[in-house]
Amino acid sequence: MPDVKTLAVIGSGQMGGGIAQIAATSGINAIAYDAHQGSLDKAKKLHEKLMARAVEKGRMEQADADAALGRITYTTKWDDMAGADWVVEAAVENAEVKADIFTKLAQTFDRDDVVLATNTSSISITQIAASAEVARAGAGQRVIGMHFFNPVPVMKLVEVINGLATSPEVTQRTIDLSKQMGKEPHAANDRAGFISNRVLMPMINEAFYAWMEGVAEPEDIDAIMRLGMAHPMGPLRLADFIGLDTCVFIMDVLAEGLNNDRYRACPLLKQLVTAGRLGDKTGRGVFDYSK
Ligand code: CAA
Ligand code: NAD
């Protein structure tokens, strides 16, 4: 199979921006596509800041940073992605949005060797692949879960999830590309939340229940988990970091997919989302980042 030369990333938020960045620093051309120009502007600014920091810290030569930045293009036009030979979808965690995107992907990318990967946190890969298969017979074989972690440039893991139709060749190429991007791939089966969010998200949800029931204040809940369990961030800080909207989306997928009410999102978590307090990305979630 040919090497990956150009990787398109759909969605240029926290995750898509990071994926485009590490593609570029791995020598791959990256096309950052987003429906909103504001997200692209924000991602570009962050890329410039993080590359400058890498140079300042002596981890990268200025010429390499410039070359990596030069490999990223930013666009709101779908057709600008047409020349890519790999796609990673990292738009919002919503099954209908992903179904729509994978229908369009199968229509746009007719070559059998273009992999259509999704960075979904929890949604069934088989379900996402079905939209591609309906749009183009055989396209479901090219759909795979390639789940990066936040912040992408720092976290080592890629969780690799096959759908029912994913071809073994696509799985192997995903493992190879993850390694080329400096990551360590590990496999999980296609069940709601896979391994990572099946284990992580109920803990975060429980922290919201503990806060709602007055068991402790948010600062104390987080300190207890940081100091007692050696977690780098407490669960409430981590929820803000992930995005409270994404946490609710994931809990909804777990509750439905695993058919168990114990996965229902905590009412307090949902209330914060309703109030627009989504965490770091809006400047306020559990904690206030405006200062
Ligand atoms: N993008 C790129 N680099 C970042 C970054 C970001 N958003 N945030 C921090 N970094 C880098 C910093 O630049 C710094 O590197 P340098 O010093 O070399 O410049 C390094 O990470 C450490 O950062 P800090 O010293 O500022 O802070 P820290 O030591 O507290 O580490 C952290 C920050 C890496 C985020 C750490 O707190 C951590 O590991 N937190 C837990 C993260 C986690 O659990 N992620 C998984 C979320 S769940 C998920 O991703 C799956 C899902 O589907 C929801
Ligand atoms: P985000 O809210 O930061 O960014 C989502 C981006 O997608 C936004 O820029 C938005 O404009 C764009 N978008 C929405 N609909 C679109 C469409 N139809 N076409 C093109 N762009 C569209 O979200 P995020 O945290 O980057 O999460 C993205 C995906 O990655 C989700 O599926 C999420 O579950 C998954 N994920 C998130 C994390 C995390 O910690 N936040 C970790 C791993 C995986």
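Residues numbered from 1 in each chain as written. Chains lettered and ligands numbered in written order. Predicted model: local features only at pLDDT ≥ 70, side-chain atom pairs only at ≥ 80, totals over all residues. Heavy atoms only, no water.

## Some points on unusual backbone geometry
We count it as follows: Secondary structure elements follow DSSP: runs of H or I of four or more residues count as helices, runs of E of two or more count as strands, with numbering from the N terminus.
For the bond running from Asn150 to Pro151, omega is 0°, close enough to zero to count as cis. If you trace the backbone, Pro151 turns up in the loop between strand S6 (143-148) and strand S7 (157-162). In this structure, Ala230 takes a positive phi of about 55° despite not being glycine. Positionally, Ala230 belongs in the loop between helix H8 (218-229) and helix H9 (235-242).

## Digging into the site of ligand 1
Filter applied, for reference: Any residue with at least one heavy atom within 4 Å of a molecule or strand is counted as near it. A 3.5 Å cut-off defines polar contacts: any pair of N or O atoms within that distance qualifies, except that in protein one atom must be a possible hydrogen donor and the other a possible acceptor, and neighbouring residues in sequence count only when both atoms are side-chain atoms. Accessibility throughout is a Shrake-Rupley quantity obtained with a 1.4 Å probe, and a residue counts as covered only by protein chains that appear here. The nonpolar class holds Ala, Val, Leu, Ile, Met, Phe, Trp, Tyr, Cys and Pro. Asp, Glu, Lys and Arg form the charged class, and all remaining residues, Gly among them, are polar. Where each domain starts and ends follows an automatic or database-derived domain assignment.
Inspection of the region around ligand 1 gives 18 residues, with Arg53, Arg59, Ser121, His147 and Asn150 positioned closest. At 2.5 Å from an oxygen atom of ligand 1 is found a side-chain nitrogen or oxygen belonging to Arg53. When ligand 1 is considered free in solution it has 1,000 Å² of accessible area, and contact with the protein chains removes 65% of it. Considering only residue class, the shell around ligand 1 consists of 11 nonpolar, 4 polar and 3 charged. A domain split of the shell around ligand 1 shows at least three residues from each of domain 1 (6-188) and domain 2 (197-282).

## Describing the nonpolar core
Side chains of a nonpolar character, in soluble globular proteins, are inclined to be buried together. Which entries qualify depends on this criterion: Here, nonpolar core refers to any group of buried Ala, Val, Leu, Ile, Met, Phe, Trp, Tyr and Cys residues whose side-chain atoms link them within 4.5 Å. Buried residues are those whose accessible area, probed at 1.4 Å on protein chains only, stays under 20% of the maximum for their type, while exposed residues exceed 50% and partly exposed ones sit between those limits. Note on contacts: a residue pair is in contact if any heavy atoms of the two residues lie within 4.5 Å.
In this structure, Leu7, Ile19, Trp86, Met146, Phe148, Leu177 and Met181 are the most contacted members of the largest nonpolar core, which totals 33 residues. Counting residues per element, this core draws most heavily on helix H1 (residues 14-25), at 6 residues. Residue contacts for Phe148: discarding those within four places in its chain leaves Met15, Ile19, Ile22, Asn119, Leu157, Val158, Met181 and Lys183. Counting 28 residues, the second-largest nonpolar core is a separate cluster that includes Met251, Cys266, Leu268 and Val286.

## What to know about the site of ligand 2
Near ligand 2 there are 27 residues, and of these Asp34, His36, Ser39, Glu93 and Ser121 occur at the shortest range. Separating an oxygen atom of ligand 2 from a side-chain N or O atom of Ser39 is a distance of 2.7 Å. Within the side chain of Lys98, one N or O atom sits 2.9 Å away from an oxygen atom of ligand 2. Protein chains bury 86% of the 830 Å² of accessible surface belonging to ligand 2 in isolation. Of all the secondary structure elements, the ones that give two or more residues to the shell around ligand 2 are H1, helix H4 (95-108) and S6.

## So, the domain arrangement of the chain
Many structure descriptions define interface size as the accessible area lost when the parts assemble. As a reminder, the rule being used: Note: buried area is the sum, over both parts, of the accessible area (probe 1.4 Å) each one loses when the two are combined. A side-chain nitrogen of Lys or Arg and a carboxyl oxygen of Asp or Glu constitute a salt bridge if their distance falls within 4 Å.
Here the domain parsing of the chain yields domain 1 (6-188) and domain 2 (197-282). Relative to domain 2, the C-alpha centre of domain 1 lies at a distance of 26 Å. Surface buried jointly by domain 1 and domain 2 totals about 800 Å² across both partners, of which 58% is contributed by carbon and sulfur atoms. Its largest share of buried area at the contact with domain 2, domain 1 owes to Gln14, Glu93 and Ser122, together 48% of the area lost on that side. Counting across the domain 1 and domain 2 interface gives 0 salt bridges. For the pair domain 1 and domain 2, the interface holds 4 residue pairs in polar contact (both at pLDDT 80 or more). Residues belonging to the side of domain 1 that touches domain 2 are distributed by class as follows: 3 nonpolar, 5 polar and 2 charged.

## Remarks on the pairing of strand S4 (residues 86-89)
Going by this rule: Pairing between two strands requires that DSSP report at least two bridges joining them.
With burial as the criterion, each face of S4 is covered, one bearing Trp86 and Val88 and the other bearing Val87 and Glu89. Across 4 bridges, strand S1 (residues 6-10) lies against S4 in parallel orientation. Looking across to S4, one finds that Leu7 is bridged to Trp86. With 4 bridges joining them, S4 and strand S5 (residues 115-118) adopt parallel strand pairing. Of the residues in S5, the one forming a bridge with Trp86 is Val115.

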